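Working through the structure, step by step
Residues per chain are reported as follows:
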Amino acid sequence: MDTPKYKRVVLKLSGEALAGNKGYGIDADVLRSIAEQMRELSKYRVEIAVVVGGGNIWRGAPASKMGMDRATADYMGMLATVINALALQDALEGMAVDTRVQTAIEMRQVAEPYIRRRAIRHLEKGRVVIFAAGTGNPYFSTDTTAALRAAEIEAEVILLAKGKVDAVYDADPLVEPNANRYTELEYIDLLNKNLGVMDATAASLCMDNKIPLIVFGLNTSGNIKKAIMGEKIGTLVKGQ
């Protein structure tokens, strides 16, 4: 049996990735593929925490530009992440993968409140832990949530799964076909070149806490396992 390179990881799933080719809502095939990959990893005893976005349902920042109060729009986005988290939990438990959802905003009827020590204990017991509702605060992205939770649970790496691109480029490859693809970067490059992989707060958190980041495409089945096994896919972002 192969030996995984990482034992405890944070998998960041964007809402757009969950939407698949639909562009909105949740694609059942994408959800099933993610759950199947995570089920396969359970036999390697990899501890997996997941942070889900909500952009497939609601995006707070664009809504605020249309005149909605920014804090209200962001709270709506947090609720969208809970919908995605519950859908992923259902898909995983349908495959007999023990899963817990923890939310940064209390809603005890549907999920546990986020408690760091409880999250770590779940991971140690082999359960997948899904972090929903972002940080619980407006003005912070789910990328920042991924960086924060990774630092809190002492994850070895953040896996940033993208729905439309397979790595970091110097321009949007969907607009610029000749965009250059990076195989390795430093966090300072993300900040200085404004590459748009994650926001500055998230990148700074990762850089300060020396948490490596792997950016890869979710559309290729098996990429989550490849990243955890240490295969060279996508772009590796690390500190100096």
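Residues numbered from 1 in each chain as written. Predicted model: local features only at pLDDT ≥ 70, side-chain atom pairs only at ≥ 80, totals over all residues. Heavy atoms only, no water.

Thoughts on the overall build of the chain
Which entries qualify depends on this criterion: A run of DSSP states H or I qualifies as a helix once it reaches four residues; a run of E qualifies as a strand once it reaches two. Both are numbered from the N-terminal end. For the exposure calls, accessible area comes from a 1.4 Å probe over protein chains only, and a residue counts as buried if that area is under 20% of its type's maximum, exposed if over 50%, partly exposed in between. We call two residues in contact when some of their heavy atoms are within 4.5 Å. Counting rule for charge: Lys and Arg are taken as positive, Asp and Glu as negative, and neither His nor the chain ends is counted. Taken as the charge location is NZ of Lys, CZ of Arg, CG of Asp or CD of Glu.
Along the chain, the regular secondary structure elements total nine helices and 11 strands. A principal-axis box enclosing the C-alpha atoms of the chain has dimensions of 50 × 45 × 35 Å. Expressed as a percentage of its 240 residues, the buried residues of the chain come to 52%. Looking at the chain alone, contacts between residues at least 24 apart form 70% of all its contacts between residues at least 6 apart. The average position of the 30 basic charges and that of the 29 acidic charges among the side chains of the chain differ by 5 Å.

Side note on the sheet that holds strand S11 (residues 235-238)
Using the following cut-off: Between any two strands, at least two bridges found by DSSP are needed for them to pair. The convention used is that axes are lines fitted to C-alpha atoms, helices contributing only their stretch in contact, and that angles between N-to-C directions extend from 0 to 180 degrees.
Spatially, the nine strands line up as an open sheet ordered S4-S3-S5-S2-S1-S6-S10-S11-S9, and their pairing is mixed. Of all strands in the sheet, those with a lone pairing partner are strand S4 (112-113) and strand S9 (184-186), marking the two edges. Across the sheet, helix H2 (residues 28-42) lies against strand S1 (8-13), strand S2 (47-52) and strand S5 (128-132), angled at about 160° from S2, the strand it touches most. Those strands touched by helix H6 (residues 142-153) are S1, S2, S5 and strand S6 (157-162), and its axis lies near 170° from that of S1.

Description of the pattern of salt bridges
A side chain with one charge can pair with a side chain of the opposite charge if their charged atoms come near. Threshold: Should a side-chain nitrogen of Lys or Arg be within 4 Å of a carboxyl oxygen of Asp or Glu, the pair is scored as a salt bridge.
Scanning the model with the defined rule gives 14 salt bridges in all. Here Glu106 makes a salt bridge to Arg108, at a shortest N to O gap of 3.0 Å. Here Glu106 matches Arg108 in class, with each residue exposed. A salt bridge links Glu184 to Lys238; the nearest nitrogen and oxygen atoms lie 3.0 Å apart. Pair noted here: Glu184 is in strand S9 and Lys238 is in strand S11, with a separation of 54 residues, a long-range link. Take Lys238: its relative accessible area is 35%, and that puts it in the partly exposed class. Residues joined in a network through salt bridges with shared partners are Asp98, Arg100, Glu112 and Arg127.

Observations regarding the environment of Gln37
For the record, the criterion: Pairs of N or O atoms within 3.5 Å make up the polar contacts considered here, provided that, within protein, one atom can donate a hydrogen while the other can accept it, and that residues adjacent in sequence are counted only when both atoms are side-chain atoms.
Take Gln37: it is sitting in helix H2. For the pair formed by Gln37 and Leu92, sequence separation is 55 residues and the distance between their alpha carbons is 9.9 Å. Every residue in contact with Gln37, bar those within four places of it in the chain, is listed here: Ser221, Gly222, Asn223, Ile224 and Lys225. Looking at Gln37, its side chain comes within polar contact range of the main-chain nitrogen of Gly222, at 3.2 Å.

So, the nonpolar core
Short version of the rule: Throughout, nonpolar core names a set of buried Ala, Val, Leu, Ile, Met, Phe, Trp, Tyr and Cys residues whose side chains join them through atoms within 4.5 Å.
Ranked by size, the top nonpolar core spans 44 residues in total, and within it Leu13 and Val50 carry the most contacts. The element contributing the most residues to this core is helix H4 (residues 70-93), with seven residues. Here Val50 is in contact with Leu11, Leu13, Met38, Leu88, Val128, Val129, Ile130 and Phe131, once residues within four sequence places are set aside. Counting residues in hydrophobic clusters, the runner-up holds 31 residues, among them Ala49, Ala155, Leu190 and Val215.

Details of the packing of aromatic side chains
Condition: The rule is short: rings of Phe, Tyr and Trp, with Trp giving its six-membered ring, pair when the centres are within 6.5 Å, and they are stacked under 30 degrees, edge-to-face over 60, tilted in between. Only when the NZ of Lys or the CZ of Arg is both within 6 Å of the ring centre and within 35 degrees of the ring normal is a charge said to sit over the ring.
Following the criterion strictly, the structure yields one aromatic pair and no others. Measuring from ring centre to ring centre gives 5.4 Å for Tyr114 and Phe131, while their planes differ by 85°; the resulting arrangement is edge-to-face. In this pair, Tyr114 is assigned in the loop between S4 and helix H5 (116-124) and Phe131 in strand S5, connecting sequence segments 17 residues apart. As far as burial versus exposure is concerned, Tyr114 and Phe131 are alike and both buried. Over the ring of Tyr114 we find Arg149, and its NZ or CZ is 3.7 Å from the ring centre. We note Arg149 situated over the ring of Phe131; from NZ or CZ to the ring centre the distance is 5.8 Å.

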